[in-house]
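What follows is each chain in one-letter form.
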Amino acid sequence: MSGQKIVVLGTGGTIAGTSAQAGDNIGYTAGQVGVAQLLDAVPGLQTIAGDLLIEQVAQIDSKDMDAEIWRALAQRCAHYLNAPEVRGIVITHGTDTLEETAWFLHEVLDAGKKPVVLTCSMRPSTALTPDGPQNLLDAMAVAAAPGARGVLAVAAGEVHGARHVQKVHPYRVHAFASADVGPLGFVEEGQVRLIQNWPLALDGEARIAIENIANMNVWPRVEIVMSHAGATGFMVDALVRDGVQGLVVACTGNGTIHHHLEAALLRAQAAGVAVVRATRCPEGQVLPKPGDPLPDSQGLSPVKARIALMLDLLR
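Report on the accompanying structure.

What counts, and at which threshold
Residues numbered from 1 in each chain as written. Predicted model: local features only at pLDDT ≥ 70, side-chain atom pairs only at ≥ 80, totals over all residues. Heavy atoms only, no water. Phe/Tyr/Trp six-rings, centres within 6.5 Å; stacked < 30°, edge-to-face > 60°. Helix = DSSP H or I, 4+ residues; strand = E, 2+ residues; numbered from the N terminus. Buried < 20%, exposed > 50% of the residue type's maximum accessible area, 1.4 Å probe, protein only. Expected span 1.5 Å × (residues − 1). Polar contact = N/O pair within 3.5 Å; in protein donor to acceptor, adjacent residues only side chain to side chain. Salt bridge = Lys/Arg side-chain N within 4 Å of Asp/Glu carboxyl O. Lys, Arg positive; Asp, Glu negative; His and termini not counted. Contact = heavy atoms within 4.5 Å. Pairing = 2+ DSSP bridges. Axes fitted to C-alpha atoms, helices over the stretch in contact; angles between N-to-C directions.

### Examining the packing of aromatic side chains
Under the defined criterion, the tally for this structure stands at two aromatic pairs. Consider the rings of Trp70 and Phe104, whose centres lie 5.0 Å apart with planes at 15 degrees: the pair is stacked. Here Phe104 lies in helix H4 (residues 98–108) and Trp70 lies in helix H3 (residues 67–81), a separation of 34 residues in the sequence. On the basis of relative accessible area, Trp70 is assigned to the buried category, the value being 5%. Residues Phe104 and Trp219 carry aromatic rings whose centres are separated by 6.2 Å and whose planes lie at 55 degrees to one another, so their mutual orientation is tilted.

What follows is the structure in structure tokens.
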């Protein structure tokens, strides 16, 4: 690493959680242990990672993640990505919204030359067999890997890209997957084995996005609605009356929408609200047809399509 440093930014999450009983893996409180204390508890970390720069950006349960924390996190990442002494960034994060934070950072950061690695755990730091320490070691290995770049997620020995990674299980340690694309690679005994290329960067477009979010006073309001049996348009009509600026609809199948809900979404679009379709299926993506009245999310899941639409409105 030629003397370069790895930056560790803490945001809380289960990885920093504690429970009253060591065997309790669900009745814990997230975001209790500071990131510096968390790193001190990982055997051999200093030997592997070398000199670390440590900063606590937030201390929350990631279910409570919001745009203001995203803004602060993105600005700190942008600062360190521009620092020549920094090799890469590791972010400790909760599992619930990790995929959303990863996609947000992918969209706003110029990470074409250095990696931004999010890691997490499914068990609190007080568990009998916590998964956080190994995930941290693996994240450090990815951050230090030659050629590593882009916004990545590392958990359970796998490396995932920000675009496709999703939390797919509420309990098991191996809780993340990248649908039909699969992981970018694996971390095995401290070594990274790639099976796909590192993600591509956004370059100039990312810098424009950073400037926009730094100066933003009020974030664009984008909500998600779901199509299902018996769906109505009442919620959409209410959101439009309340001033919503964008709507993402989690559609059935290949972008299909209950006719009552679709009528309300078309009314919203006619009133100037941006509307995007995403499929609620865990794999695949909407295949658009000529003449579709509502645009699709180009393969993004509903929660990531919401972030993309927020940033589009911001631009």
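### A short note on H3
Between the first and last C-alpha of H3 there are 20 Å, a value that for 15 residues agrees with the 21 Å anticipated at 1.5 Å per step. Turning to H3, its buried residues are Ala67, Ile69, Trp70, Arg71, Leu73, Ala74, Cys77, Ala78, Tyr80 and Leu81. The N-cap residue of H3 is Asp66: its side-chain oxygen and the backbone nitrogen of Glu68 are 3.2 Å apart.

### Some thoughts on the pattern of salt bridges
For the structure shown, the criterion picks out 12 salt bridges. The closest approach of N and O atoms between Lys5 and Asp51, which form a salt bridge, is 3.5 Å. Residue Lys5 is located in strand E1 (residues 5–12), and its partner Asp51 is located in the loop between helix H2 (45–49) and strand E2 (52–60); the two are separated by 46 residues in the primary sequence. Residue Asp51 is classed as partly exposed on the basis of its relative accessible area, which comes to 43%. In this structure, the salt-bridge partner of Asp292 is Arg277, at a minimum N-O distance of 3.0 Å. Of this pair, Asp292 sits in the loop between strand E13 (274–279) and helix H9 (302–314) while Arg277 sits in strand E13, and the two are 15 residues apart along the sequence. Each of Arg221, Glu223 and Asp242 takes part in one network of salt bridges that share partners.

### Regarding the side chain of Lys114
Note that Lys114 resides in the loop between H4 and strand E4 (115–119). For Lys114, which is buried and forms no salt bridge, the nearest opposite charge comes from Glu85, at a distance of 6.9 Å. There is a polar contact of 2.7 Å between the side chain of Lys114 and the backbone oxygen of Ala83. Excluding residues that lie within four positions of it along the chain, Lys114 makes contacts with Tyr80, Leu81, Ala83, Pro84, Val86, Arg87, Ala148, Arg149 and Gly150.

### Let's talk about the sheet that holds E1
A sheet is described by the order of its strands in space; here eight strands give the open sequence E2-E1-E3-E4-E5-E6-E9-E10, paired in mixed fashion. Here the strands that pair on one side only, and so sit at the sheet edges, are E2 and strand E10 (191–194). Sheet twist, expressed as the mean angle between neighbouring strand axes with direction ignored, is 25 degrees. For strand E6 (residues 158–161) and strand E9 (residues 185–188), the ladder comprises two bridges, and the chain directions are antiparallel. Bridge pairing in E9 places Val159 opposite Gly185. Of the strands in this sheet, E1, E2, strand E3 (86–92) and E4 touch H3, which is tilted by about 170 degrees from E2. Lying on the sheet, H4 is in contact with E3, E4 and strand E5 (150–155); it crosses E4 at an angle near 170 degrees.

### Section: the environment of Gly161
Looking at the secondary structure, you find Gly161 in strand E6. Separated by 16 residues in sequence, Gly161 and Ala177 have C-alpha atoms that sit 9.9 Å apart. Excluding anything up to four places from it in sequence, Gly161 contacts Val151 and Leu184.

### Some thoughts on the environment of Leu105
For Leu105, the position within the fold is in helix H4. On the accessibility criterion, Leu105 (0% relative accessible area) is buried. Beyond its immediate sequence surroundings of up to four residues, Leu105 is in contact with Leu73, Ala74, Ile91, Val116, Leu118 and Val151.

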